[in-house]
Amino acid sequence: MTATAPVLPASLEVGAVHLDVPDLARAVAWYETTLGLTLHEHGGARASVGDGTRVVVVLHEDREAAPPGRSAGLYHYALLYPSREELARAALRLEATQTQIQGASDHETHEAIYLADVDGNGIELAADRPRSAWPEHLGYAGGPKPLDFEGLMGTVAGELPRPRAGEGLRVGHLHLHVGDVEEGLRFYRDVVGFELQANIGSAAFVSAGGYHHHLAFNVWNGKGAPASPPHSIGLHAWTVELPVEDVTALRDRLEHAGHPTRDVPAGFVVRDPWGTAMTVQELKP
C-alpha cells in the first residue's frame, strides 16, 4: 500500500447478511429455533431476523436455489455476541436443539463455534475478548487454539437454555470464497480501503480501525474459482455501514476504478471481481 491508499474509517460496521434460500418458512423456523433469533419482518418472499432490536440476517426465497458447488461466494458469516456469557447461552441452545457443530476455536482475539444453517450456509458464533487482551499479532501468528468449552460453559453454569437470544447481537465479519487472494486484495484493500491484517497465502484478513477482521477471503474452493451460478443457495449480499461522507467517497473510488455501482436506499451496491454483492449504506445513528 502507498501513503495515499484509501483507508476506511474505524466507525465502520458490518450490517445485515442477506441469504438466498429455497424454502423461506423452513429457514425462518431454523433461525428462530436453533439460534433463538426474533422474527422482525416476514412478507412475500423475504423475512428478516435479529435480536429484537437489530436485524442481522435477511432471508430471500428462491424456489430454484440449489447448492453452488465449488465457486466463489460465502464461506461463513459471523454472528457476534456482546459477551462470553451470551455465546455460552447460544451453545446451550445448540445443545438443547441437538444441533451439530463443525468446529470450535480460540483465536485469542475472539472465541468461536462453527456450524451450518439448514441450507448449508456457514455460520460462526463468536464473542470478542476485550481489545486490551488482544495479542499484537491478532491471533494470526500461531493459528487458532482449541476452544475451552468447559471455561465457556462455566460462565452460565446452572442456567437452562433460553428460547431467545439477548440484545446486542450483530454481524461481526464475513468470510468469502474468491478465485484469487491477490486480486481480492486489489479490490478490497486497494480500492475499497480495508487494511490488511494478515495474508497467509491461501487467505487474507482485512479490517477497519485495527479490528482483527471485518472481512476474510480464501481460495479454499480452488484458485480460479468461478462466480456462483444463478439461483444458488448462499450469499445474496452483505452490508457495510459507513458515515455518509465515506459512502460518497467509496462510491467515487469504485466508479473511478471501473467498478459500476447501483443505487439502493441510503447507499449503493457493488460487486467484487467474482460477482459477490456488497451493499454500502449510511451508518445508522
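Residues numbered from 1 in each chain as written. Predicted model: local features only at pLDDT ≥ 70, side-chain atom pairs only at ≥ 80, totals over all residues. Heavy atoms only, no water.

A. Fine view of the sheet that holds strand 13 (residues 203–207). Here nine strands make up an open sheet; going across it, the order is 10-7-8-9-6-11-14-13-12 and the pairing mixed. Either end of the sheet is taken by a strand with one partner, and the two such strands are strand 10 (145–146) and strand 12 (195–199). As paired strands, strand 6 (residues 73–81) and strand 9 (residues 122–128) are joined by five bridges and run parallel to one another. Of the residues in strand 9, the one forming a bridge with L79 is L125. (Pairing = 2+ DSSP bridges. Helix = DSSP H or I, 4+ residues; strand = E, 2+ residues; numbered from the N terminus.)

B. Molecular detail of the pattern of salt bridges. For the coordinates displayed, the defined rule picks out 14 salt bridges. The partner of R89 in a salt bridge is E159, with the nearest N and O atoms 2.8 Å apart. Placement of R89 in helix 2 (residues 84–96) and of E159 in the loop between helix 3 (149–154) and strand 11 (170–177) is noted, with a sequence separation of 70 residues between them. Here R89 falls in the buried class, since its relative accessible area comes to 13%. E159 gets classed as partly exposed once you look at its relative accessible area, which sits at 27%. Note that R189 is salt-bridged to D190, the shortest N-O span being 2.6 Å. For R189, a relative accessible area of 15% translates into the label buried. Classification of D190 as partly exposed rests on a relative accessible area of 31%. What emerges from the salt-bridge pattern is a single network uniting R84, D106, E111 and R129. (Salt bridge = Lys/Arg side-chain N within 4 Å of Asp/Glu carboxyl O. Buried < 20%, exposed > 50% of the residue type's maximum accessible area, 1.4 Å probe, protein only.)

C. Up close: the pairing of strand 13. Buried residues dominate strand 13, accounting for five of its five residues. Residue alternation in strand 13 divides its side chains into two sets, A203, F205 and S207 and A204 and V206, and both sets are buried. As judged from the four bridges shared by strand 12 and strand 13, these two strands associate in the antiparallel manner. Residue E195 lies in a different strand from strand 13, and its bridge partner there is S207. Between strand 12 and strand 13, which follow one another and run antiparallel, lie three residues, and G201 among them has a positive phi close to 95°. Two strands pair when backbone bridges link them, and strand 13 and strand 14 (residues 215–218) are joined in this way by four bridges, in the antiparallel orientation.

D. Expanded view of the packing of helix 4 (residues 181–192) against helix 5 (residues 244–256). Where helix 4 meets helix 5, the axes come as close as 10 Å, and the angle between the chain directions of the two elements is 130°. One way to sum up the angle between helix 4 and helix 5 is to call them oblique. Where helix 4 abuts helix 5, its residues F187, V191 and V192 lie against L250, R253 and L254. Here the contact of helix 4 with helix 5 is built from residues that sort into five nonpolar, no polar and one charged. (Axes fitted to C-alpha atoms, helices over the stretch in contact; angles between N-to-C directions. Parallel < 35°, antiparallel > 145°, perpendicular 65-115°, else oblique. Contact = heavy atoms within 4.5 Å. Nonpolar A, V, L, I, M, F, W, Y, C, P; charged D, E, K, R; others polar.)

E. Geometry of the nonpolar core. Core analysis: the biggest nonpolar cluster contains 68 residues, and Y31, L125, L174 and W238 have the highest contact counts within it. Leave out the neighbours within four places in its chain, and L174 touches V14, V17, L74, H76, Y77, H214, L215, A216, L235 and W238. In this structure, A126, W134, L138 and Y211 belong to the second largest nonpolar core, which totals five residues. (Core = buried A, V, L, I, M, F, W, Y, C linked by side-chain atoms within 4.5 Å.)

F. Highlighting unusual backbone geometry. Positioned with a positive phi, E108 is a non-glycine residue whose angle comes to about 75°. Inspection of the secondary structure puts E108 in the loop between strand 7 (103–106) and strand 8 (110–116). Unlike most non-glycine residues, H231 shows phi in positive territory, near 60°. Following the sequence through the fold, H231 ends up in the loop between strand 14 and strand 15 (234–242). The class for H231 is partly exposed, based on a relative accessible area of 39%.

G. Spatial organisation of a nonpolar patch on the surface. Together, Y75, I200 and W220 give the surface a local cluster of nonpolar side chains, amounting to about 290 Å² of exposed area. Position of I200 among the secondary structure elements: in the loop between strand 12 and strand 13. Residue I200 is classed as partly exposed on the basis of its relative accessible area, which comes to 49%. (Patch = residues over 30% accessible without salt bridge, like charges linked within 9 Å, V, L, I, M, F, W, Y side chains within 5 Å. Areas by Shrake-Rupley, 256 points an atom, 1.4 Å probe, with all protein chains shown as cover.)

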